[in-house]
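Now for the letters of each chain:
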Amino acid sequence: MTGGQFFYPDDREASNAAKVAALESLLIEKGVITGQTVDKVLSYFESEMTPLNGRKIVVKAWTDPQFAARVVGDTPAAVAELDLPEGMAGAEGEHLQAVANTPGVHNLIICTLCSCFPWPVLGLPPYWYKDPVFRARAAREPRKVLAEVGVDLPEDTEIKVWDSSGHSRWFVIPQRPPGTEDFTDDMLMEMVTTESMMGVALAGPVP
Amino acid sequence: MRLHETCTTDQAAPQFDFEWQRRAFGLALALSEFGHYDWEDFQQNLIQSIGDWEHAPEGERGDWHYFDHWVAALQKVIADHHLLIAPVPTDAGDHAVRE
């Protein structure tokens, strides 16, 4: 240790693991939670709060113009029309906000403060979403960041960056890829990636 | 995908590198889910911890480890709500019962 609150001993992983295990044991001992609580919550989260929900919402928006309008106007109400799993505290569906890409507008979601993410529709964020450099650069120079990840947008396409917070957890309805007019819903589902619902990719066949 | 030198996106990468990160995530969510605090309270601590790191001089703050902040926020919210000192009773469904 060389001083300063942000220096860690070499065994910081072990120390964190011990801290978390101790917290959970103490909370169980005090009767705050049971020995099954954390596993139950994780199991629900991991099985129900997945990008599959987001993909269903996007395909519905692509195939039903009225739903497409409703999902942007009042996201929680529109999402409630679909048969999706119930939310959880901390992952509340009431804070979901959809934004739709159009020929002239591309949307990108970030969280500059703490990596808020629309869990109920996209699951957990990829690790790079939480990276401070990504968060700062995406806010400052989104066009450049998008070009680097392969989303080259025409100069006249406006890029809107949406900063998530506890009150608004944004996700993107990407544009329906051209040439998919005859696709079934299942085929369309394959076009919707998590990245496309974050705005760091366009919808389309997974390469 | 490549965002910058140290941040290459990899869609196949697991969301948690270690089981303790997964449990820390589950614990924070579980305590909120069962009514021991509002998610906002945890989130404000997380924002504060990350903000402190971002505003600290580079030479003094150590490497970026997202889950260090998560654990710090969790410890603080548990302390702030006296969960280990004065836990509130829970009902048959394990939810906190507020008087």
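Keep in mind it's a predicted model, so treat the numbers as computed, not measured.

Visitor: I tried to follow the interface of chain B and chain A on my own but got confused; where do I start?
Guide: How large an interface is tends to be reported as the accessible area lost when its parts come together. Listed as interface residues are 57 residues of chain B and, on the opposing side, 55 residues of chain A. Summed over both sides, the interface between chain B and chain A buries roughly 5200 Å², with carbon and sulfur atoms accounting for 66% of that surface. The residue Asp94 of chain B makes a salt bridge to Lys40 of chain A at a minimum N-O spacing of 3.9 Å. Across the contact surface, chain B and chain A share 10 residue pairs in polar contact (both at pLDDT 80 or more). Mapped onto the side of chain B that touches chain A, the elements with two or more residues apiece are strand 1 (2-4), strand 2 (7-8), helix 1 (19-33), helix 2 (39-55) and helix 3 (66-80) of chain B. With 12 residues, the top contributor of residues to the side of chain B that touches chain A is helix 1 of chain B. Its residues placed into classes, the side of chain B that touches chain A shows 30 nonpolar, 14 polar and 13 charged.

Visitor: I would appreciate a short explanation of helix 2 (residues 37-48) of chain A in the present structure.
Guide: An α-helical turn contains 3.6 residues, so any two residues separated by three or four positions project in the same direction. Residue and element names in this part refer to chain A. The end-to-end C-alpha distance of helix 2 is 16 Å, a good match for the 16 Å that 12 residues give at a rise of 1.5 Å each. Listed as buried for helix 2 are Thr37, Val38, Val41, Leu42 and Phe45. For helix 2, the angular spread of the buried residues around the axis is 120°, confining them to a single face.

Visitor: Just to check I follow, could you spell out the packing of helix 2 of chain A against helix 1 of chain B for this structure?
Guide: The relative placement of two packed helices comes down to the angle between their axes together with the axis-to-axis distance. The geometry of helix 2 of chain A relative to helix 1 of chain B is characterised by a closest axis approach of 9 Å and an angle of 95° between their N-to-C directions. Put simply, helix 2 of chain A runs roughly perpendicular to helix 1 of chain B. The segment helix 2 of chain A lies against helix 1 of chain B, with Thr37, Val38, Asp39, Val41, Leu42, Phe45 and Glu46 of chain A engaging Arg22, Arg23, Phe25, Gly26, Leu27, Leu29 and Ala30 of chain B. Classifying every residue of the contact of helix 2 of chain A with helix 1 of chain B gives eight nonpolar, two polar and four charged.

Visitor: I would appreciate a short explanation of the confidence of the model for chain B in the present structure.
Guide: A low pLDDT means the predicted coordinates there should not be read in detail. Residue and element names in this part refer to chain B. Scored by pLDDT, chain B comes out at a mean of 84, with 85% of its residues at no less than 70. Here strand 2 stands out as the element of chain B with the lowest mean pLDDT, 43, in contrast to helix 3, whose mean of 95 is the highest. Segment residues 1-12 is flagged for pLDDT under 50; beyond a separation of four residues in sequence, or across chains, it makes 28 contacts in the model. Across the predicted assembly, pTM comes out at 0.84 and ipTM at 0.85.

Visitor: Quick question: what am I supposed to make of the pattern of salt bridges here?
Guide: When charged atoms on two side chains of opposite charge get close, those side chains can pair. As enumerated under the stated definition, the model contains 16 salt bridges over all chains in all. For Glu190 of chain A, the salt bridge identified is with Arg55 of chain A, shortest N-O distance 3.9 Å. You can see Glu190 of chain A sitting in the loop between helix 9 (185-189) and helix 10 (194-198) and its partner Arg55 of chain A sitting in helix 3 (residues 51-63), a full 135 residues away along the chain. Put simply, Glu24, Asp39 and Glu46 of chain A together with Glu19, Arg22 and Arg23 of chain B are held in one network by salt bridges that share partners.

Visitor: When you look at the packing of helix 2 of chain B against helix 3 of chain B in this model, what are you seeing that I'm missing?
Guide: Residue and element names in this part refer to chain B. Where helix 2 meets helix 3, the axes come as close as 8 Å, and the angle between the chain directions of the two elements is 135°. Between helix 2 and helix 3, the angle falls in the class oblique. The element helix 2 and its partner helix 3 pack so that their crossing is right-handed. Within the contact between the two elements, helix 2 uses Trp39, Asp41, Phe42, Asn45, Leu46, Ser49, Ile50 and Trp53 and helix 3 uses Tyr66, His69, Trp70, Ala72, Ala73, Leu74, Lys76, Val77 and Asp80. The class makeup of the residues in the contact of helix 2 with helix 3 is 11 nonpolar, three polar and three charged.

So, how was this worked out
Residues numbered from 1 in each chain as written. Chains lettered and ligands numbered in written order. Predicted model: local features only at pLDDT ≥ 70, side-chain atom pairs only at ≥ 80, totals over all residues. Heavy atoms only, no water. Contact = heavy atoms within 4.5 Å. Buried area = accessible area lost by both parts, 1.4 Å probe. Salt bridge = Lys/Arg side-chain N within 4 Å of Asp/Glu carboxyl O. Polar contact = N/O pair within 3.5 Å; in protein donor to acceptor, adjacent residues only side chain to side chain. Helix = DSSP H or I, 4+ residues; strand = E, 2+ residues; numbered from the N terminus. Nonpolar A, V, L, I, M, F, W, Y, C, P; charged D, E, K, R; others polar. Expected span 1.5 Å × (residues − 1). Buried < 20%, exposed > 50% of the residue type's maximum accessible area, 1.4 Å probe, protein only. Arc of directions from axis to C-beta. Axes fitted to C-alpha atoms, helices over the stretch in contact; angles between N-to-C directions. Parallel < 35°, antiparallel > 145°, perpendicular 65-115°, else oblique. pLDDT = per-residue confidence, 0-100. Left-handed = near helix turned anticlockwise from the far one by under 90°.

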